[in-house]
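# Per-entry structural report
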Amino acid sequence: MIKKHEIYKKDKWNMMTVEVQGKYIILREISDQWGEESHTFLSRPAMMDWVNRRFPKEDFAGNEEEWNDIMNAFKQV
């Protein structure tokens, strides 16, 4: 059974989705600058470690609400 989560979607090019496929967590990030990147994780802690490195709180200074929304979406996976 595949369960798909949409983390954020700004338009058809700037989005991030996470699919849970059995024991694998597949994260797809699509951006207008870099194209599509895919990451495969074997555990939620490994995914959250990547998330904390990819979205450091310092990058969202002045926009903490967006950072909290992204973190909460990942925690729901």
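Before reading on, note that the structure itself is shown above.
Everything numeric in this text was worked out from a predicted model, so none of it was measured.

Let us look at the packing of aromatic side chains. Tallying each qualifying case throughout the model produces three aromatic pairs. Residues Phe41 and Trp50 carry aromatic rings whose centres are separated by 6.0 Å and whose planes lie at 50° to one another, so their mutual orientation is tilted. When the centroid spacing of 6.3 Å and the interplanar angle of 45° are considered together, the rings of Phe55 and Phe74 count as tilted. You can see Phe55 sitting in the loop between helix 1 (44–54) and helix 2 (64–75) and its partner Phe74 sitting in helix 2, a full 19 residues away along the chain. No difference in accessibility class separates Phe55 from Phe74, as the two residues are buried. Through pairs of rings, three or more aromatic residues link up here, namely Phe55, Phe60 and Phe74. For the cation-ring pair, Arg54 lies above Phe55, with the distance from its terminal atom to the ring centre recorded as 4.6 Å.

Where strand 1 (residues 2–9) lies against strand 2 (residues 15–21), seven bridges are found, and the strand directions are antiparallel. Across the sheet, Lys9 pairs through a bridge with Met15, a residue of strand 2. The loop that links strand 1 with its antiparallel partner strand 2 comprises five residues.

Conventions used here
Residues numbered from 1 in each chain as written. Predicted model: local features only at pLDDT ≥ 70, side-chain atom pairs only at ≥ 80, totals over all residues. Heavy atoms only, no water. Phe/Tyr/Trp six-rings, centres within 6.5 Å; stacked < 30°, edge-to-face > 60°. Helix = DSSP H or I, 4+ residues; strand = E, 2+ residues; numbered from the N terminus. Buried < 20%, exposed > 50% of the residue type's maximum accessible area, 1.4 Å probe, protein only. Lys NZ or Arg CZ within 6 Å of the ring centre and 35° of its normal. Pairing = 2+ DSSP bridges.

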